[in-house]
Amino acid sequence: KKTGSGDIFNVQNHVVNESFISRFLRSLFGINEVDEDDGDIIDNSSKSSNVDSIYELNCEIHDIKTSISSEIVECASIVASTVISASSKLLGDIEFDYVIMDEASQIPLYLALMVLIKTDKFILIGDNHQLEPIYNMNASSHLNKSVFSTLIDLYPDNYSFLNIQYRMNSEICSIASNLYYNGMLMTGCDDSFLSCDCSNIFVDNLAVCLIDTSDIEFYEEKISSSCYNRFEADIIVSIVENLRYNN
C-alpha cells in the first residue's frame, strides 16, 4: 500500500498474521523479514523498486489476459453472453451475424436493445404468457415491457408455437395447456418417466393434488416487505421428506 509519506507496505504488527501472499512476494522479490517489534520491513532500499516491479507485472498480466480474450472472441463462431455483457468492452465492437435470445419474455425492451442493435437477424425464444420482467421505475412502461411480448403484439403472425414439452407429466401439462394455451400444449414422452408413487402420502395417487388450508386459520406472517405461511411450509417439508423416504 503506497502512501504520501513514502511507506510502501502496510504490514500487520505481528509476523504470525502475515498473509501467504505477503510471504510469497517477499520470497519472490528478496524482501527481508518483517521486524517483530514494530512491523516495519528492515530493507527499505529495495521497497520502491519491488513495488514498481509488481505493478509492471500486474499490467503485463492484464494486457496478456485482454489479448487472449480478444483473440478467443475473434476466432469464435459462437459467443454465449448475457444481454449486458454483449455490450461490454470485450464485445463492444463485435457485430453478430445472428442473435439467439433465450428467455426473451423475461428481458425488458431497454435491455434487449443493447444486443439487438448489433445484428440484422435475430431469433427470440420465450413465453408471452409468463410474468413480465421486473419493473424498472427509471424506464417508461413501454420500455419495461418484454421484447418478446412487444414484438408478438407488433407481428402476431411471425412466430412459431412449440407445442410439445418434455418436463411435465401429462396431467400437470393439461392444466397449463387449458388455462393458457387453448389446449394446444402436449407431452412428448412416456408419463412413467415423469411420475412417482405417492399413494402412501395422498388418498389417490394422482399427478396433481390440491391441499386446501383455508379453514385451518394459520395465517401468513409478514417478513420485511414480503410474507410467509409457516404452516404451509411445514406441509411442503413433510411431503418432500415422505417422497424422499419412499422413493
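Further up the page is the structure itself.
In this numbering scheme, every chain counts its residues from 1 along its sequence in written order. For a predicted model such as this one, the threshold for reporting local features is a pLDDT of at least 70, and the threshold for listing and counting side-chain atom pairs is 80 or more; totals across whole chains, interfaces and linings nevertheless cover every residue. Derived side-chain values reflect all non-hydrogen atoms in the structure, with water molecules and hydrogen atoms excluded from consideration.

K.L.:
Please clarify how the overall build of the protein should be interpreted in this entry.
P.N.:
Helical segments are the DSSP runs of H or I of at least four residues, strand segments are the runs of E of at least two, and each set is numbered from the N terminus. The secondary structure content of the protein amounts to seven helices and six strands. In the protein, the order of α-helices and β-strands from amino to carboxyl end is α-α-β-α-β-α-α-β-α-β-β-β-α. Looking at the 247 residues of the protein, the share that counts as buried comes to 22%. Whether a residue is buried, partly exposed or exposed follows from its accessible area with a 1.4 Å probe, protein chains only, as a fraction of its type maximum: under 20%, in between, or over 50%, in that order.

K.L.:
Any chance you could explain the nonpolar core here in plain terms?
P.N.:
Generally speaking, soluble globular proteins have nonpolar side chains that are buried together. Here, the term nonpolar core denotes a set of buried Ala, Val, Leu, Ile, Met, Phe, Trp, Tyr and Cys residues that are joined through side-chain atoms within 4.5 Å. Core analysis: the largest hydrophobic core is formed by 15 residues, its most contacted members being M101, A104, A112, V115, L116, L124 and V147. Every element with two or more residues in this core is listed here: strand 1 (99–101), helix 3 (109–116) and helix 5 (147–154). Ranked by residues supplied to this core, first place goes to helix 3 with four residues. Working rule for contacts: check all heavy atoms of both residues, and any pair within 4.5 Å makes them a contact. The residues touching M101, leaving out its near neighbours within four places in the chain, are V83, I107, A112, V115, L116, I123, L124, I125 and V147.

K.L.:
Sorry, what's going on with the environment of Y181 here?
P.N.:
Tracing the sequence through the fold places Y181 in the loop between helix 6 (170–180) and strand 4 (186–187). Assessed through its relative accessible area of 14%, Y181 is described here as buried. In sequence terms Y181 and N163 are 18 residues apart; their C-alpha atoms lie 8.9 Å from each other. The residues contacting Y181, other than those within four sequence positions of it, are D127, H129, F161 and A176.

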